[in-house]
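Secondary and tertiary structure notes
The residues making up each chain are set out below.
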Amino acid sequence: MDHLDRELIGCLLEDGRAGYARIGARIGLSAPAVKRRIDRLLDDGVISGFTAVLDPDLVGWATEAYVEVHCKGALSPDELRAAFSRVPEVHTAATVSGAADALLHIVARDVRDLERALERVRDEVANIDHTSTAIVLSRLIDRHGPGQSEFKPPS
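Residues numbered from 1 in each chain as written. Predicted model: local features only at pLDDT ≥ 70, side-chain atom pairs only at ≥ 80, totals over all residues. Heavy atoms only, no water.

1. With respect to the sheet that holds strand β4 (residues 128–135)
Stated formally: The rule for pairing is simple: two strands pair if DSSP sees at least two bridges between them. Helix and strand definitions here come from DSSP, where helices need a minimum of 4 consecutive H or I residues and strands a minimum of 2 consecutive E residues; each element is numbered from the N-terminal end. Only C-alpha atoms enter the line fits that serve as axes; for helices the fit covers just the stretch in contact. Angles between N-to-C directions range over 0 to 180 degrees. Between two residues, a contact is recorded if the distance between any of their heavy atoms is within 4.5 Å.
On the basis of which strands lie adjacent, the open sheet formed by 4 strands has the order β2-β3-β1-β4 and antiparallel pairing. This sheet does not close on itself; its edge strands, each paired only once, are β2 (90–95) and β4. Across the sheet, the axes of successive neighbouring strands diverge by a mean angle of 20 degrees, strand direction being ignored. Sitting on the sheet, helix α5 (residues 77–85) touches β1 (63–71), β2 and β3 (102–108), and the angle it makes with β2 is about 170 degrees.

Now the structure itself:
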């Protein structure tokens, strides 16, 4: 990856629907050159896909929480991924270092919906010892959603 690839990725992160010509005008390449670079980045797995980014408030998902999952015994990342993926309110999940085994980002309609999602998480993973939940009060920085136009990829 060179600096043009990083600039191209920055343009796509800012507006994933930007056309090749518009991106090319911003980074100094022709539209066909931008298309070739995007195709190469897709083939290399640098770009894994394109998606719509939703505003949780406008979709009706008013409650967000980060949940530490503590398991009894060892579970593989594949087992956890399979279990967490069956709970649609889980938007991201990661294994982590420290006291917890995994960290979840859950988005729900309200606190009752969050509680039901937590129950489903506990039902899906038989070896959960306990969870610790922190409900989001306000977002301070979100580089993956609306307002991310100031994002600059690291050099």
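2. Here we look at the nonpolar core
Taken as a class, soluble globular proteins show a tendency for nonpolar side chains to be buried jointly. Stated precisely, the cut-off is as follows: Nonpolar core, defined: a set of buried Ala, Val, Leu, Ile, Met, Phe, Trp, Tyr and Cys residues in which side-chain atoms within 4.5 Å join the residues together. Per-residue accessibility, obtained with a 1.4 Å probe over protein chains only, is compared with the maximum for each type, and a residue is labelled buried under 20%, exposed over 50%, and partly exposed between these values.
V69, F84, L104, I106 and V121 are the most contacted members of the largest nonpolar core, which totals 19 residues. Going through the elements one at a time, β1, α5, β3 and α6 (111–124) are the ones with two or more residues in this core. The residues touching V69, leaving out its near neighbours within four places in the chain, are F84, A100, D101, A102, L104, I128, H130 and T131. One finds L8, I9, I27 and I38 within the second-largest nonpolar core, a separate group that totals 12 residues.

3. Focus: the pairing of β1
Counted residue by residue, β1 has 7 buried out of 9 residues, so it is predominantly covered. Pairing between β1 and β3: 7 bridges, direction antiparallel. By the bridge assignment for β3, E68 is matched with L103.

4. Topic: the pairing of β3
A large share of β3 lies buried, amounting to 6 of its 7 residues. Pairing analysis gives 5 bridges linking β2 to β3, with the strands arranged antiparallel. Residue V90 lies in a different strand from β3, and its bridge partner there is I106.

5. With respect to the pattern of salt bridges
Side chains bearing opposite charge may pair, as long as their charged atoms lie close to each other. Under the convention used in this document: One speaks of a salt bridge when a side-chain nitrogen belonging to Lys or Arg is within 4 Å of a carboxyl oxygen belonging to Asp or Glu.
One pass over the structure, following the stated rule, counts 12 salt bridges. Between E14 and R26 there is a salt bridge, with the nearest N and O atoms lying 3.3 Å from each other. Of this pair, E14 sits in helix α1 (residues 3–14) while R26 sits in helix α2 (residues 20–27), placing them 12 residues apart in sequence. Among the ionic pairs, D15 bridges to R22, the shortest N-O distance being 2.8 Å. The class of D15 is partly exposed, set by a relative accessible area of 23%. In this structure, a network of salt bridges that share partners links the residues D2, D5, R37 and R40.

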